[in-house]
Amino acid sequence: MTRPIALGALASLAALAGTSAAAHPNGPAFDASIFTEEPQVVDCTLEDSTASICFEFTVAAAPETLEIGPFCPATLDEAGGLWAWDGDEPGLYRLDRAFFEMLAAQGYTFYDEDGTVAVTDIRLDRPATDHDCLSASLDEGVAMTIRLPMEPRMAEAPTPLGTVADVGVGLDGVPIFADAPSVLETGHLPALDLCGGHVDPGGWYHWHATSTDMATTLEAEGVDAECTAVVQDAAAPFGFAFDGYPMFGSTEADGTAPEGLDACGGHVGPTAFGETYHYHASQTFPNLPACLSGVVAEGNFATTAAQGIGAAGGPGGPGGGTPPGFEEAAATLGIETEALMRAMQEAGGPNADLTQVAAVLGVAEAALRAVLLARP
């Protein structure tokens, strides 16, 4: 039977190598119920080529007890989830009539003359209009495998976190990713729920926010909404970044504002996991680290999903393979291979909407189609 493995800044897990799980009295633990297989301590390689050991575990598409949604409203008379708008009048908004009418005034109309919102389940279909609200459905058969360094190492320079970049994993086993694709780039809106999460095109749920401190963010952004699916505590630990360092809400344990934060939103100080470097959430959205200060493990995230982030053959996928011809295609377009693969996965995998992919990458759609057709 799987037992909870408690974490002491993850570095303390090194003592568990080759042993059964042990309790750490001073810090919270991953709940044993999130694991679909017995967690392991495995040899791994960090992305700076350093040999290390990692805590590896597998979780389901979403925790059984987590109530997700709402996402896209069916009509303008309903209120859905959230979206961080980056056009004119930027900010965090509830998905309601006022928001969609504001977008329509800026040239992004998501509804018809009857007020019905165009909604697409991106896991099963492609958007039918120029501006669809995207709301993928769960695939309960999907599993995700995650690796976290047990001996975190600071990087020579911070790693920026771009669109849908890997950030970490919550203590509830839900993966954490950076900003979702902008409507200004794709034309479509992948709606977030009131706790800042949504379902990937691969069918699994993930966070785009520090969900345990959404109350602070919603108040700071002036949004009339409440995250009730996750207990709110601005001082609580939220999870671990993929570099192995812990992530907390926007305050210290005593409720005071953290001091001396670096560009990534982190600093060294006392925590429930001991004296260690750790990240704090910002008060405004997205309330996640702006970059990662440490070094992540190779192959730190993979899924059994047929498409989306971490799917086989994509970034973080099993074996870390690159689809044939993608390196050559990316070079021809003057972009990074991983950027091309990630954009393809986010837009639907093998059947990706190439109009959306071209918009995300900032390349001509005709050129994108040409290089992909030329692949072996």
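Cut-offs and rules
- Residues numbered from 1 in each chain as written.
- Predicted model: local features only at pLDDT ≥ 70, side-chain atom pairs only at ≥ 80, totals over all residues.
- Heavy atoms only, no water.
- Helix = DSSP H or I, 4+ residues; strand = E, 2+ residues; numbered from the N terminus.
- Buried < 20%, exposed > 50% of the residue type's maximum accessible area, 1.4 Å probe, protein only.
- Contact = heavy atoms within 4.5 Å.
- Areas by Shrake-Rupley, 256 points an atom, 1.4 Å probe, with all protein chains shown as cover.
- Disulfide = S-S within 2.5 Å.
- Phe/Tyr/Trp six-rings, centres within 6.5 Å; stacked < 30°, edge-to-face > 60°.
- Polar contact = N/O pair within 3.5 Å; in protein donor to acceptor, adjacent residues only side chain to side chain.
- Pairing = 2+ DSSP bridges.
- Salt bridge = Lys/Arg side-chain N within 4 Å of Asp/Glu carboxyl O.
- Core = buried A, V, L, I, M, F, W, Y, C linked by side-chain atoms within 4.5 Å.
- Axes fitted to C-alpha atoms, helices over the stretch in contact; angles between N-to-C directions.
- Arc of directions from axis to C-beta.

Caption draft 1: Geometry of the overall build of the protein. When helices and strands are tallied, the protein shows 7 helices and 19 strands. Burial analysis of the protein (376 residues in total) assigns 54% to the buried set. Taking the intrachain contacts of the protein between residues at least 6 apart in sequence as the baseline, contacts between residues at least 24 apart amount to 60%. Surface exposure of the protein reaches about 15800 Å², of which carbon and sulfur atoms provide 50%.

Caption draft 2: Representation of the state of the cysteines within the structure. Scanning all chains against the criterion turns up 4 disulfides. Cys44 shares a disulfide with Cys54; S-S distance 2.1 Å. Across the S-S bond linking Cys44 and Cys54, the dihedral sits near 80 degrees, which makes this disulfide right-handed. Highlighted residues: Cys44 in strand E1 (residues 40-45) and Cys54 in strand E2 (residues 51-60), separated in sequence by 10 residues. Sequence-ordered numbering of the disulfide-bonded cysteines in the protein gives the connectivity 1-2, 3-4, 5-6, 7-8.

Caption draft 3: Structural view of the packing of aromatic side chains. Enumeration according to the criterion identifies 20 aromatic pairs in this entry. Measuring from centroid to centroid gives 6.4 Å for Phe35 and Phe55, while their planes differ by 90 degrees, and the two rings are edge-to-face. Placement of the pair is Phe35 in the segment before E1 and Phe55 in strand E2, with a sequence separation of 20 residues. The exposure class of Phe35 is buried, given its relative accessible area of 8%. An aromatic cluster is present here, built from Phe30, Phe35, Phe55, Phe57, Phe240, Phe248 and Phe273 joined pairwise through their rings.

Caption draft 4: Spatial organisation of the side chain of Thr216. In this structure, Thr216 sits in helix H3 (residues 214-221). A distance of 2.6 Å separates a polar atom in the side chain of Thr216 from a polar atom in the side chain of Asp213. If sequence neighbours within four positions are ignored, Thr216 has contacts with Ala234, Ser250 and Gln283.

Caption draft 5: Structural detail: the sheet that holds strand E5 (residues 119-120). Strand order in the open sheet formed by 3 strands is E5-E6-E11, and the pairing between neighbours is parallel. Each edge of the open sheet carries a strand with a single partner, namely E5 and strand E11 (189-190).

Caption draft 6: Representation of the pattern of salt bridges within the structure. As enumerated under the stated definition, the model contains 6 salt bridges in all. Note that Arg97 and Asp77 form a salt bridge whose closest N and O atoms lie 2.7 Å from each other. Here Asp77 lies in the loop between E2 and strand E3 (82-85) and Arg97 lies in helix H1 (residues 97-105), a separation of 20 residues in the sequence. For Arg123, the salt bridge is made with Asp139, and the minimal N-O distance between the two is 3.9 Å. Here Arg123, found in the loop between E5 and strand E6 (133-134), pairs with Asp139, found in the loop between E6 and strand E7 (143-149); they are 16 residues apart in sequence, far enough to count as distant.

Caption draft 7: Focus on the environment of Phe242. The residue Phe242 is located in the loop between strand E14 (237-241) and strand E15 (246-248) in this model. Looking at Phe242, the relative accessible area reads 0%, which means it is buried. Residues Phe242 and Ala297, 55 residues apart in the sequence, show an inter-C-alpha distance of 7.4 Å. When near neighbours in sequence (up to four residues on either side) are disregarded, Phe242 contacts Ile146, Arg147, Leu148, Pro149, Asp166, Val167, Gly168, Ile176, Val296, Ala297, Asn300 and Phe301.

Caption draft 8: Structural context of the nonpolar core. Phe30, Phe57, Trp83, Phe99, Leu189, Trp204 and Trp207 are the most contacted members of the largest nonpolar core, which totals 80 residues. Ala330, Met341, Ala343 and Val363 belong to the second-largest nonpolar core, a separate cluster that totals 16 residues.

Caption draft 9: Structural detail: the environment of Phe99. You can see Phe99 is positioned in helix H1. What makes Phe99 buried here is its relative accessible area of 1%. In sequence terms Phe99 and Ala79 are 20 residues apart; their C-alpha atoms lie 9.9 Å from each other. If we ignore the near neighbours within four places in the chain, the residues touching Phe99 are Trp83, Trp85, Tyr93, Arg94 and Leu189.

Caption draft 10: How the structure looks around the sheet that holds strand E19 (residues 301-303). Overall, antiparallel pairing links the 4 strands, which are arranged E1-E2-E7-E19 in an open sheet. Two strands in the sheet have a free side with no partner beyond their single neighbour: E1 and E19. In this sheet, neighbouring strand axes are inclined to one another by 30 degrees on average, regardless of whether the strands run parallel or antiparallel.

Caption draft 11: Molecular detail of H1. Taken as a whole, H1 has its buried residues at Phe99, Phe100, Met102 and Leu103. On an axial view of H1, the arc spanned by its buried residues comes to 155 degrees, and they lie on one face. When the buried face of H1 is taken as reference, the exposed residues oriented beyond 90 degrees from it are Ala98 and Ala105. Turning to H1, the residues buried within the fold contact E3, strand E4 (91-94) and E11.

Caption draft 12: Representation of the environment of Phe326. Relative to the elements of secondary structure, Phe326 occurs in helix H4 (residues 326-333). Linking Phe326 and Glu336, residues 10 residues apart in sequence, is a C-alpha distance of 9.7 Å.

Caption draft 13: Spatial organisation of the pairing of E2. Burial of E2 is extensive: 8 of the 10 residues sit out of reach of the surface. Where E1 meets E2, 6 bridges bridge the pair, whose relative direction is antiparallel. Paired with Cys44 across the strands is Ser52, a residue of E2. Counted between consecutive antiparallel strands, the loop separating E1 from E2 contains 5 residues, among which Ser49 sits at a positive phi close to 75 degrees. In terms of strand pairing, E2 meets E7 through 7 bridges, oriented antiparallel. From the neighbouring strand, Glu56 faces E7, where its bridge partner is Arg147.

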